[in-house]
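# Tertiary structure, described
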Amino acid sequence: MQEVKGPKKPLIYYYGIVVLILLLLNFLAIPWLNQRQIQQVDYGTFVEMAENKELGKVEVQQEDNQILFTDKDNTTIYKTGMMPDQELTQRLLDSRAQFEGEIIQQVNPFLSFLLTWILPIIIFISIGQYMAKRVMKNAGGSNAMMFGKSNARIYVKSSDGIKFSDIAGEDEAKENLSEIVDYLHNPNKYKDIGASMPKGILLVGPPGTGKTMLAKAVAGESNVPFFSISGSEFVEMFVGMGASKVRELFKQAKEKAPCIVFIDEIDAIGQKRDGRVGGNDEREQTLNQLLTEMDGFEGNNGVIILAATNRPETLDPALTRPGRFDRRVPVELPDLKGREEILKVHAKKIKLGENVDFSKIARMASGASGAELANIINEAALRAVRDHRSYVTEADLEESIEVVIAGYQKKNAILTDTEKKIVAYHEVGHALVAAKQTNSAPVQKITIVPRTSGALGYTMQVEEGNHYLMSQAELENKIATLTGGRAAEELIFHSASTGASNDIEQATKLARAMITRYGMSKDFDMVALETVNNQYLGGDSSLACSAETQTEIDKQVITLVKQQHEKAMKILNENRQKLDEISEYLYEKETITGEEFMDILNRN
């Protein structure tokens, strides 16, 4: 069970407590001490002491209807209530008592000094020491000598940990890492033939594909210590502290060898050193120390370094050279078979209904990562609970895919009849253009129910199998399908709406990639005019050509999209009757399946 820590309180919170304590001392504690020093006597005792000239100082408090007085030596304070006494003044004059303002010290001077000066200083010093210890603990230790200590967490094999059997869809990565686990269990098998394991293994791939989970599976499978730390934990406020943490980490690893060290998000410290003035000296010192420690290992000493990153192209070449990170293990998005296996693994945790076709669900979830597939299963289970069912159906899984893709249905969004009709024709325009082209994916579902992502409707196409290559004709057909929605609006309503904004963006992006990256332009031939950065994080692209060439690229992009737009318009014109028939059916039903769509389309 994980410990849940509350939020850390600000410094003002503690000083507020000090102020409150001081107020309580001055307004409650000190008056209470005053009362403890005063002795209550009757009025007769006061008269008797006055007649015997035993009074020292006297204070008459008419507002409180009482008299405070001391003995002749001013060592004891007395209090008595006032009585009707016309001779009081003369009696006091005869007793030779002293009359002053506030003649009686309410608290012992030494005690007052302790409470008002010494105690607050002690409290403030204690809070300062506590805050200093907390800052040092956050920096990596409980005192000044702990700043360079490593924050690595140590895991060992456990009966309920993640194993390779719990991971699906990454067979090649599991095979590579299984070899590492086998080497740690049976090193002599490799030493006898003279083989040595890579010193470092770099796991690269998009977010959510299971890089960290694979590292946890290695910890679950191996019987050796497993050190886990994030790259960002090496970055410290003080220069040199990160390098000290690296030294400490590798010192622990050498002491516990054979073992595995896993550094997550290594790009936080492993980025290229570009020599810029004013760069991050702390990060570079940490990287230099990491390079030195990895180079200092002796052969076959049983220490394996695992690291994970989404940005391998940003790593320093000295870090990825042979002898350091010798092996790169891609952890890519799963294919159709991999998605099906991942869905089955996560489905073990929930109660399923009968006849759930995971192959169909996997085809619908094309391009999804392992984390997204796990989220799809969980969303399906939540939907079953909302519908008061004790099991998950195939319909739940299909709806959960739509939730991940387009968001939840907006039940309070009410379209006008005109808007609803425009959206219906728009979506059927996409589907009809796709169906009438031979190299387009089959239509799975059409809906005009608004979603929380902002989509007023969408057309889902599902590929029958894996496609690793796309021909020029397939790409052109895809652009035509994207323009089909706007073409239907122009054909029926003779105007355009804002609903095609996302279609326009995708069509333009695809047309530009065909010309600048895929070499599908006769004028530019096989010349790369665009480079892609961060391929695992969205794939930002930048043009690498002159301004004149960019102008020509823009012209060709416009021409290509315009040609496919005209082709979509021609297809819809030739099938105007079906366009009207299917759109009216969709307008009434709001959601139709691919089978219903094809039945109407093929009906005579």
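A few words on the overall build of the chain. The secondary structure content of the chain amounts to 21 helices and 16 strands. Considering the chain as a whole, with its 604 residues, one finds that 43% of them fall into the buried category. Partitioning the contacts of the chain with sequence separation of at least 6, the portion at a separation of at least 24 is 72%. Of the roughly 33600 Å² of accessible surface on the chain, a fraction of 51% belongs to carbon and sulfur atoms.

For the rest of this paragraph, the subject is the pairing of strand β4 (residues 77-81). Within β4, four of the five residues are buried, leaving the element largely enclosed by the surrounding structure. In this sheet, β4 lies alongside strand β1 (residues 38-40) in parallel orientation, the contact comprising three bridges. Directly across from glutamine 39, in β4, lies its bridge partner tyrosine 78. Across five bridges, the pairing between strand β3 (residues 66-71) and β4 is antiparallel.

Bringing the environment of leucine 543 into the picture now. Examined against the element boundaries, leucine 543 turns out to sit in strand β15 (residues 540-543). Classification of leucine 543 as partly exposed rests on a relative accessible area of 32%. For the pair leucine 543 and arginine 517, spaced 26 residues apart in sequence, the C-alpha separation works out to 9.8 Å. Excluding anything up to four places from it in sequence, leucine 543 contacts Arg512, Thr516, Leu529, Glu530, Gln550 and Ile553.

The next subject is helix α14 (residues 370-386). In this model α14 runs 25 Å from its N-terminal to its C-terminal C-alpha over 17 residues, within 8% of the 24 Å that 1.5 Å per residue would give. Looking only at α14, the buried set comprises Gly370, Leu373, Ile376, Ile377, Glu379, Ala380, Ala381 and Ala384. In this fold, the buried residues of α14 make contact with α12 (336-347) and α15 (394-406).

What follows deals with the pairing of strand β13 (residues 458-461). Across the two faces of β13 the burial differs, with Tyr458 and Met460 buried and Thr459 and Gln461 not buried at all. Strand direction decides the pairing type here: strand β12 (residues 443-447) and β13, joined by four bridges, are antiparallel. The residue bridging threonine 447 from the neighbouring strand is tyrosine 458, located in β13.

Glancing now at the nonpolar core. One finds Ile446, Leu572, Leu579, Ile582, Leu586 and Phe597 to be the most contacted residues of the largest nonpolar core, which totals 28 residues. When residues of this core are traced back to their parent elements, those giving at least two are α16 (417-435), β12, α17 (472-493), α19 (547-574), α20 (576-589) and α21 (594-602). Per-element tally for this core: the top contributor is α16, with eight residues. Once you skip the residues sitting within four places of it in the chain, leucine 586 turns out to touch Ala424, Glu427, Val428, Ile446, Thr447, Ile448, Thr591 and Ile592.

On to the sheet that holds β12. The strand order across the open sheet built from three strands is β13-β12-β16, with neighbouring strands paired in antiparallel fashion. Across the chains shown, the open sheet's two edge strands, defined by having one partner strand only, are β13 and β16 (591-593). Neighbouring strand axes in the sheet, compared pairwise and without regard to direction, differ in orientation by 10 degrees on average.

Attention shifts here to the packing of aromatic side chains. In this description, an aromatic ring pair is defined by two values, namely the gap between the centres and the angle between the planes. This structure, assessed with the given rule, holds three aromatic pairs. Aromatic pair tyrosine 183 and tyrosine 190: ring centres 5.5 Å apart, planes at 75 degrees, arrangement edge-to-face. Take tyrosine 183 and tyrosine 190: they sit in the same class, and that class is buried.

Further remarks concern the confidence of the model for the chain. The predicted coordinates should not be examined in detail at positions where pLDDT is low. Of all residues in the chain, 80% attain a pLDDT of 70 or more, and the chain-wide mean is 79. Note on residues 1-7: pLDDT under 50 across the span, and zero contacts to partners over four residues away in sequence or across chains. Residue range residues 139-148 is modelled with pLDDT below 50. Its contacts to residues more than four positions away, or to other chains, number 22 contacts.

The rules we used
Numbering of residues begins from 1 in every chain and follows the order in which that chain's sequence is written. Note on the predicted model: pLDDT of at least 70 is required for a residue's local features to be given, and 80 or more for side-chain atom pairs to be given and counted; whole-chain, interface and lining totals, by contrast, use all residues. With hydrogens and water excluded, all non-hydrogen atoms of the structure serve as input to the side-chain values. Elements are defined by DSSP. Helices are runs of H or I of four residues or more, strands are runs of E of two residues or more, and each kind is numbered from the N terminus. For every residue, the accessible area obtained with a 1.4 Å probe (protein chains only) is divided by the maximum for its type, and the residue is called buried under 20%, exposed over 50%, and partly exposed between those limits. Pairs of residues are marked as contacts when any of their non-hydrogen atoms sit within 4.5 Å. Accessible areas in this description were obtained via Shrake-Rupley with a 1.4 Å probe; residue shielding takes into account the shown protein chains only. By this definition, two strands are paired if DSSP reports at least two bridges between them. The span one expects for a helix is its residue count, reduced by one, times 1.5 Å. The definition of a nonpolar core used throughout is a set of buried Ala, Val, Leu, Ile, Met, Phe, Trp, Tyr and Cys residues joined through side-chain atoms within 4.5 Å. Inter-axis angles, ranging from 0 to 180 degrees, are taken between N-to-C directions of lines fitted to C-alpha atoms, where helices are fitted over the stretch in contact. A pair of Phe, Tyr and Trp rings is counted when the ring centres sit within 6.5 Å of each other, with Trp represented by its six-membered ring. The angle between the planes then sorts it: under 30 degrees is stacked, over 60 is edge-to-face, the rest tilted. A score from 0 to 100, pLDDT tells how confident the predictor is in each residue.

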